[in-house]
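# Per-entry structural report
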Amino acid sequence: MSKILLEAAQGKKTNKIPLWLMRQAGRYLPEYREIRKRHNTLEMFKTPSIAAEITLQPLKRFNLDGAILYADILLIPDAMGLDLFFVEKEGPRFSKTIRSTTDLNQIISLAENTDKLLEKLSYVSETLDRVKQNLSKETTLLGFAGAPFTVASYMIEGGSSAKGDFFECKKFMFNEPKAFHKLMDLITNATIAYLKMQIKFGAEVVQLFESWSGALSPDQYNEFCLPYTKKIVDEIKKQIPVIHFFGQGASLIPEALKINPNVHSVDWRQDLSHVSKTFSGSGIALQGNLDPLLLYAPQNRLIEKIEHCLKIGSAHPHGYIFNLGHGCTQHTPIENISCLVNTVNNFKW
């Protein structure tokens, strides 16, 4: 049997709609919560035996076409010396931030040394190697990284933007544009090296998470973001397909087309039919875009919305992968994940 997720990511029409879910491995699974009782979040990311087990957990429950590496988009800045930690019910934080040229200068020597960074991130390669050994021949192994602007925003804000206005990030971007571009360049080069390492150890498709693109106007995106994301996509797609997840970016569709990934991953805020028409003729496959909170809805409504996505996606001329429009949330009912998986796997088109 072929790897249909890989084929769809290559732009091929498949005889079945492939399926994986963002955050399919994680907090909604009781077997994950059992591990979490004994280990903190960062420890789980950095212990290959644990990270590999968590990566494989959802595939033991559900008939999925892809296994997504259990890791975090902020492991690169952690390796650069910003000291990542996680606050219960609040999320990731950094002990150090980059809010000035002076701050940037303190990390440049390490940030430019990609060999040293990869050495510090070697636990990720070991996790991928362990997962690869335990996957079926039909399952595609997905790696991932954060897109440069999204990663930079965390490095500057020190965590998630408290009010969603990206105040510190945009202030740095506007007041010290040269330093901001330097930071983006450092993240870009490190990300290319990191993703190539993932490919070396088994990743067959990678997803680039452009989660916070909606914080920027089209002009700002073109100036401060697009060249860096495109550089990563252009380099990595020489080897394997790249999925570009474009969060909160409905106003930036023309810019998303310029990125030219193999797959454009649509967030839940957008009309999948409109996006499909816009991308028709581009050669770019689509992924998405069920609202993750529909997984809390009655199953008849959930099935209706899943089938709506499937009908649009299956008509897209360049390949389609079913996914959510963002990640599974902590209290997602497992029975509704099962319902989703069964609905996608039984879809006839």
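Just above, that's the structure.
In short, a report on the structure. Note that the structure is a prediction, hence the values are computed from the model and not measured. (Residues numbered from 1 in each chain as written. Predicted model: local features only at pLDDT ≥ 70, side-chain atom pairs only at ≥ 80, totals over all residues. Heavy atoms only, no water.)

### Describing the sheet that holds strand 6 (residues 242-246)
- Across the sheet, seven strands lie side by side as 1-4-5-6-7-8-9; this open sheet has parallel pairing. In this open sheet, the two edge strands, each paired with only one partner strand, are strand 1 (66-68) and strand 9 (320-324). Neighbouring strand axes in the sheet, compared pairwise and without regard to direction, differ in orientation by 25° on average.
- Where helix 16 (residues 299-315) meets the sheet, it contacts strand 8 (285-290) and strand 9, and its direction lies at approximately 150° from that of strand 9. (Pairing = 2+ DSSP bridges. Helix = DSSP H or I, 4+ residues; strand = E, 2+ residues; numbered from the N terminus. Axes fitted to C-alpha atoms, helices over the stretch in contact; angles between N-to-C directions. Contact = heavy atoms within 4.5 Å.)

### Describing helix 10 (residues 167-175)
- For helix 10, the full list of buried residues reads Glu-168, Cys-169, Lys-170, Phe-172 and Met-173.
- Where the residues of helix 10 are buried, they touch helix 6 (101-111), helix 9 (148-157), helix 11 (177-200) and helix 12 (218-224). (Buried < 20%, exposed > 50% of the residue type's maximum accessible area, 1.4 Å probe, protein only.)

### Here's the deal with empty space enclosed by the protein
- Using the criterion set out here, one finds one cavity of 30 Å³ or more in the structure.
- Along the walls of the largest cavity sit Ala-8, Lys-12, Lys-13, Thr-14, Ile-17, Gly-313, Ser-314, Gly-319, Tyr-320 and Trp-349, which together make up its complete lining.
- Its residues placed into classes, the lining of the largest cavity shows four nonpolar, four polar and two charged. (1 Å grid on protein atoms, 1.4 Å probe; cavity = no way out; pocket = protein on both sides within 12 Å on 5 of 7 lines; lining within 4 Å. Points joined across faces, edges and corners; volume = space filled by probe spheres on them. Nonpolar A, V, L, I, M, F, W, Y, C, P; charged D, E, K, R; others polar.)

### Concerning the pairing of strand 8
- By the criterion of burial, strand 8 is predominantly enclosed, with six of the six residues buried.
- As paired strands, strand 7 (residues 263-266) and strand 8 are joined by three bridges and run parallel to one another. Each bridged residue has a counterpart across the sheet, and for Ser-265 the counterpart in strand 8 is Gln-287.
- Crossover strand 7 to strand 8 through helix 15 (residues 272-279) is right-handed.
- As judged from the five bridges shared by strand 8 and strand 9, these two strands associate in the parallel manner. Considered in strand 9, the bridge of Gln-287 is made with Ile-321.
- Following the chain from strand 8 across helix 16 to the adjacent parallel strand 9, one finds a crossover that is right-handed. (Right-handed = clockwise from strand over helix to strand, strands pointing away.)

### Thoughts on the pattern of salt bridges
- Counted according to the given criterion, the structure contains 17 salt bridges.
- In this structure, Arg-99 and Glu-168 form a salt bridge, with 3.7 Å as the shortest nitrogen-oxygen distance. On the criterion of sequence distance, the pair formed by Arg-99 in the loop between strand 3 (91-94) and helix 6 and Glu-168 in helix 10 is long-range, its members being 69 residues apart.
- Measuring nitrogen to oxygen at the nearest pair gives 3.6 Å for the salt bridge that ties Glu-168 to Lys-171. One end of the pair is Glu-168 and the other is Lys-171, both in helix 10 and three residues apart, which spans about a single turn.
- The network of salt bridges with shared partners includes Lys-3, Lys-132 and Glu-204. (Salt bridge = Lys/Arg side-chain N within 4 Å of Asp/Glu carboxyl O.)

### Quick word on the nonpolar core
- Counting 130 residues, the largest nonpolar core has Leu-75, Met-155, Phe-322 and Leu-340 as the members making the most contacts within it.
- Among the elements that make up this core, the one with the highest residue count is helix 11 (twelve residues).
- Here Leu-340 is in contact with Leu-19, Leu-21, Leu-290, Leu-295, Ile-306, Phe-322 and Leu-324, once residues within four sequence places are set aside. (Core = buried A, V, L, I, M, F, W, Y, C linked by side-chain atoms within 4.5 Å.)

### Notes on the layout of surface pockets
- Looking at the largest pocket, its volume works out to about 1600 Å³.
- Every residue lining the largest pocket is counted, 49 residues in all, and those nearest its centre are Arg-23, Arg-27, Asp-72, Phe-86 and Pro-92.
- Sorting the residues of the lining of the largest pocket by element identifies helix 2 (30-36), helix 3 (41-46), strand 2 (84-87) and strand 3 as the ones contributing at least two each.
- For the lining of the largest pocket, the residue count by class is 26 nonpolar, 13 polar and ten charged.

### Thoughts on the packing of helix 15 against helix 16
- Following both chains from N to C, one finds helix 15 and helix 16 inclined at 5°, their axes separated by 10 Å at the closest point. Of the possible angle classes, the one that applies to helix 15 and helix 16 is roughly parallel. Across from Leu-272, Ser-273 and Ser-276 in helix 15, the residues of helix 16 making contact are Cys-309, Ile-312 and Gly-313.
- Its residues placed into classes, the contact of helix 15 with helix 16 shows three nonpolar, three polar and no charged. (Parallel < 35°, antiparallel > 145°, perpendicular 65-115°, else oblique.)

### As for the packing of helix 11 against helix 13 (residues 226-236)
- It is at 9 Å that the axes of helix 11 and helix 13 come closest, and there the two elements cross at 20°. In terms of orientation, helix 11 lies roughly parallel with respect to helix 13. In the packing of helix 11 onto helix 13, the handedness of the crossing is right-handed. Of the residues in helix 13, those touching helix 11 at His-181, Met-184, Asp-185, Thr-188, Asn-189, Thr-191, Ile-192, Leu-195, Lys-196 and Ile-199 are Tyr-228, Lys-231, Ile-232, Glu-235 and Ile-236.
- Considered class by class, the residues forming the contact of helix 11 with helix 13 number seven nonpolar, four polar and four charged. (Left-handed = near helix turned anticlockwise from the far one by under 90°.)

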